[in-house]
Amino acid sequence: MKQQTEKNRKQPFGYGVQEGLICCLPAEAETVQEIYRLYIKGISIVQIAKAMTVRGVLYRQDVPDWNKNMVARILDDSRYTGQPPYPAILEQNLFDQVYGLRQKNRSLQLTNQNIRWIRAKVSCAQCGTRLIRKTDKRHRGTIWCCPQCAMTTRPVPDDELVQLITSKLAAAADALEHSRLPEPGSPITLQELCLRREFDRALYAPQPDVEQLLALSQKITAEAYQRSQCSSIWLTAQIRNRLLAWQPDMPLKQEVFEAVVSKILLTAEAGIQIQLTNQQIL
Ligand SMILES: [Zn+2]
């Protein structure tokens, strides 16, 4: 039974599992369609999230409050068009329309901005040296050259570069939102482990004591915070908070960018990797 529930949870909004097969949940499927229609009408992601919360639509069984990321995830999920094994919930046409709009909105927000602060971090994927931006007259485009190892990129329009960076960071923010625990490998203290066990016992008691649960969860949070202070995770938590506070449908702010990104590593084919300020690579 428990296994069944967990399986259901991992399905995208709109789908459930019945007898081992993925099926549409009609009420949720209607909500998905509604969200797409609202977005096309020009309603913002944040407004859509508010509307869903107000209407009392449950995102998950125990999640009545919608946030922008939940809506964004639904708007970006191509499985709704009927990618196997998922039955179709949306017309391909409706999905494509929204996809186009999403791309346009993202790049529009940044094209008009001065992105000197982004350019300043563009570095060579081969040797890490800061790249020089050149306007290549032959190809009528912007190329990037490495003064150290002579790597030269294909022409990369500024819009495209910004869009690559934005979508990579947006994906990271999305992934972070799903991991509630600190990154794997961070050592947990014995104290914290005991508190967690105590919390579990209290939670599954025949008559759970809410006060006690709250007190325990506060202790666990405090312990986890302490732990994070003593390691590099602290930086990760900072990155995490910055990324989560940034709304992927809003322009990327210099402040967020500077706090999160140390280098943009660019390859000759204009592939990018992002080195975060804690040296982690996206
Ligand atoms: Zn180089």
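Note that the coordinates shown come from a computational prediction; the quantities given were computed from them, not determined experimentally.

**A word on the packing of helix H3 (residues 45–55) against helix H4 (residues 68–75)**
For step 1, the next point in the chain: For the pair H3 and H4, interaxial distance at closest approach is 8 Å and the crossing angle is 105°. If you check the angle between H3 and H4, you find them roughly perpendicular. Residue-level inspection shows Ile45, Val46, Ile48 and Ala49 of H3 in contact with H4, the latter providing Lys68, Met70, Val71 and Ala72.
For step 2, the next point in the chain: Counted by class, the contact of H3 with H4 contains seven nonpolar, no polar and one charged residues.

**Concerning unusual backbone geometry**
For step 1, the next point in the chain: Pro84 connects to Pro85 through a cis peptide bond whose omega is 5°.
For step 2, the next point in the chain: Relative to the helices and strands, Pro85 is located in the loop between H4 and helix H5 (92–111).
For step 3, the next point in the chain: Despite not being glycine, Glu19 has its phi angle at roughly 50°, a positive value.
For step 4, the next point in the chain: One non-glycine residue, Ala150, lies in positive phi territory at about 70°.
For step 5, the next point in the chain: Tracing the backbone shows Ala150 in the loop between strand S5 (141–145) and helix H7 (158–178).

**Here's the deal with helix H2 (residues 26–40)**
For an α-helix the count is 3.6 residues per turn, leaving residues at separations of three or four pointing the same way.
For step 1, the next point in the chain: An ideal rise of 1.5 Å per residue puts 21 Å on 15 residues; H2 measures up with 21 Å between its terminal C-alpha atoms.
For step 2, the next point in the chain: Taken residue by residue, H2 has Glu28, Thr31, Val32, Ile35, Tyr36 and Tyr39 as its buried positions. Viewed end-on, H2 has its buried residues packed into an arc of 135°, placing them on one side of the element. Every exposed residue of H2 that faces more than 90 degrees away from the buried side is listed here: Pro26, Ala27, Arg37 and Ile40.
For step 3, the next point in the chain: Just beyond H2, the residue with positive phi is Gly42, at close to 100°.

**Quick notes on the environment of Leu266**
For step 1, the next point in the chain: Mapped onto the fold, Leu266 is located in strand S6 (residues 261–266).
For step 2, the next point in the chain: Using a count of 23 C-beta atoms within 10 Å as the deciding quantity, one classes Leu266 as buried.
For step 3, the next point in the chain: In this structure, the C-alpha to C-alpha distance between Leu266 and Trp144, residues 122 residues apart in sequence, is 8.5 Å.
For step 4, the next point in the chain: Ignoring anything within four residues of it in the chain, the contact list for Leu266 reads Val122, Ser123, Cys124, Ala125, Leu131, Trp144, Thr153 and Ile272.

**Quick look at the pairing of strand S1 (residues 15–18)**
For step 1, the next point in the chain: In the sheet, S1 pairs with strand S2 (residues 21–24) via four bridges, with the strands oriented antiparallel. When the sheet's bridge partners are listed, Gly16 is paired in S2 with Cys23.
For step 2, the next point in the chain: Taking the residues that link successive antiparallel strands as the turn, the S1-S2 hairpin has two residues, and the phi of Glu19 there is positive, at about 50°.

**With respect to the pairing of strand S7 (residues 272–276)**
For step 1, the next point in the chain: Pairing of S6 with S7 involves five bridges; the strand directions are antiparallel. Residue Ile264 lies in a different strand from S7, and its bridge partner there is Ile274.
For step 2, the next point in the chain: Between S6 and S7, which pair antiparallel one after the other, the connecting turn spans five residues, and Ala270 there sits at a positive phi close to 65°.

**Brief notes about the nonpolar core**
For step 1, the next point in the chain: Counting residues in hydrophobic clusters, the biggest one holds 21 residues, and the most contacted among them are Leu131, Ile165, Leu169, Leu243, Ile264 and Leu266.
For step 2, the next point in the chain: Secondary structure elements with two or more residues in this core: strand S3 (122–124), H7, helix H10 (233–245) and S6.
For step 3, the next point in the chain: Residue contributions to this core peak at six residues, all from H7.

**A few points about the confidence of the model for the protein chain**
For step 1, the next point in the chain: Per-residue confidence for the protein chain gives a mean pLDDT of 82, with 82% of residues at or over 70.
For step 2, the next point in the chain: Of all helices and strands in the protein chain, the one with the weakest mean pLDDT is helix H1 (residues 2–10) (48), whereas H2 scores best (96).
For step 3, the next point in the chain: Overall, residues 1–8 carries pLDDT values under 50, and its contacts beyond four positions in sequence, including any with other chains, amount to three contacts.
For step 4, the next point in the chain: Confidence over residues 181–185 falls short of pLDDT 50; this stretch has five contacts with residues more than four positions distant or in other chains.

**Digging into the sheet that holds S3**
Note: strands within a sheet are paired through backbone hydrogen bonds, in either parallel or antiparallel orientation.
For step 1, the next point in the chain: Strand order in the open sheet formed by three strands is S3-S6-S7, and the pairing between neighbours is mixed. The sheet is open, and its two borders are formed by S3 and S7, each paired with just one other strand. The sheet shows a mean angle of 35° between the axes of neighbouring strands, direction not considered.

Rules used in this analysis
- Residue positions are counted from 1 within each chain, in the order its sequence is given.
- For this predicted model, a pLDDT threshold of at least 70 governs which residues receive local features, and a threshold of 80 or more governs which side-chain atom pairs are given and counted, while totals over whole chains, interfaces and linings are taken from all residues.
- In this analysis an axis means a line fitted to C-alpha atoms, helices contributing only their contacting stretch, and an angle means the value between N-to-C directions, from 0 to 180 degrees.
- Where helices and strands are cited, they refer to DSSP runs of H or I of at least four residues and of E of at least two residues respectively, numbered from the N terminus.
- Geometric relationships in this document are graded by angle, where less than 35 degrees denotes roughly parallel, more than 145 denotes roughly antiparallel, 65 to 115 denotes roughly perpendicular, and other angles denote oblique.
- Here the contact rule is simple: place C-beta atoms from the backbone, and any two residues whose C-beta atoms are within 7 Å are in contact.
- In the scheme used here, Gly and all other residues not listed as nonpolar or charged are polar, with Ala, Val, Leu, Ile, Met, Phe, Trp, Tyr, Cys and Pro taken as nonpolar and Asp, Glu, Lys and Arg as charged.
- Given the number of residues in a helix, its expected span is that number minus one, multiplied by 1.5 Å.
- As a rule, residues whose C-beta atom has 12 or fewer other C-beta atoms within 10 Å are exposed, those with 20 or more are buried, and those in between are partly exposed; C-beta atoms are placed from the backbone.
- Picture the helix axis, draw a direction to every C-beta atom, and the arc is the one those directions span.
- For two strands to count as paired, DSSP must find a minimum of two bridges between them.
- Buried Ala, Val, Leu, Ile, Met, Phe, Trp, Tyr and Cys residues whose C-beta atoms connect them within 7 Å together make up a nonpolar core.
- Each residue carries a pLDDT score, the predictor's confidence in it, ranging from 0 to 100.

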